[in-house]
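What follows is the residue order along each chain.
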Amino acid sequence: MERAKAKAVLEAILFTMGDSVSVDSLSAVIEEDKAVTKELLEEMAQDYSAQDRGIGLTTLNDAVQMCTKGELYEYLIRIAKA
């Protein structure tokens, strides 16, 4: 799968699932080995950081989750109170 397409698929999965997803599962879906999948996820995390986006990726126990950046929580609290 083309790298840009694979990143789009990974992003769609992580956004939709909401919870963490194992790297093994992500690798199976995009039909790449684990090392390539980890490279793609790292590139995505760097892109989110470099573009000053409101989201990021968190990795824990060989699983990845899309999350809101911590420095933006105050805005989430504001909207929740509205």
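Anything mentioned here points back to the structure above.
Residues numbered from 1 in each chain as written. Predicted model: local features only at pLDDT ≥ 70, side-chain atom pairs only at ≥ 80, totals over all residues. Heavy atoms only, no water.

A. How the structure looks around the nonpolar core. The biggest cluster of nonpolar side chains holds 15 residues, and the ones touching the most others in it are Leu10, Leu14, Leu26, Leu41, Met44, Leu57 and Val64. Those elements that provide at least two residues to this core are helix H1 (3-17), helix H2 (23-30), helix H3 (34-50) and strand S3 (63-68). Setting aside residues no more than four positions away along its own chain, leucine 10 makes contact with Leu26, Ile30, Leu40, Leu41 and Met44. (Core = buried A, V, L, I, M, F, W, Y, C linked by side-chain atoms within 4.5 Å. Buried < 20%, exposed > 50% of the residue type's maximum accessible area, 1.4 Å probe, protein only. Helix = DSSP H or I, 4+ residues; strand = E, 2+ residues; numbered from the N terminus. Contact = heavy atoms within 4.5 Å.)

B. Local environment of H1. Compared with the 21 Å implied by 1.5 Å per residue over 15 residues, the 21 Å span of H1 between its first and last C-alpha is a close match. When H1 is considered as a whole, its buried residues turn out to be Ala6, Leu10, Ile13 and Leu14. The buried residues of H1 all sit within an arc of 95 degrees when viewed along its axis, so they share a single face. Facing away from the buried surface of H1 by more than 90 degrees, the exposed residues are Phe15 and Thr16. (Expected span 1.5 Å × (residues − 1). Arc of directions from axis to C-beta.)

C. Here's a closer look at the packing of H1 against H3. In the contact formed by H1 and H3, the axes pass within 10 Å of each other and the chain directions differ by 75 degrees. In this view, H1 runs roughly perpendicular relative to H3, as classed from their interaxial angle. Contacts from Arg3, Ala6, Lys7, Leu10, Glu11 and Leu14 in H1 reach Val36, Glu39, Leu40, Leu41, Glu43, Met44, Asp47 and Tyr48 in H3. Of the residues belonging to the contact of H1 with H3, the class tally is 8 nonpolar, no polar and 6 charged. (Axes fitted to C-alpha atoms, helices over the stretch in contact; angles between N-to-C directions. Parallel < 35°, antiparallel > 145°, perpendicular 65-115°, else oblique. Nonpolar A, V, L, I, M, F, W, Y, C, P; charged D, E, K, R; others polar.)

D. View of a nonpolar patch on the surface. Taken together, the side chains of Tyr73, Leu76 and Ile79 present a nonpolar region at the surface, about 320 Å² in accessible area. With respect to the helices and strands, the residue tyrosine 73 is situated in helix H4 (residues 73-81). (Patch = residues over 30% accessible without salt bridge, like charges linked within 9 Å, V, L, I, M, F, W, Y side chains within 5 Å. Areas by Shrake-Rupley, 256 points an atom, 1.4 Å probe, with all protein chains shown as cover. Salt bridge = Lys/Arg side-chain N within 4 Å of Asp/Glu carboxyl O.)

Any functional reading would require information that these geometric values do not contain.
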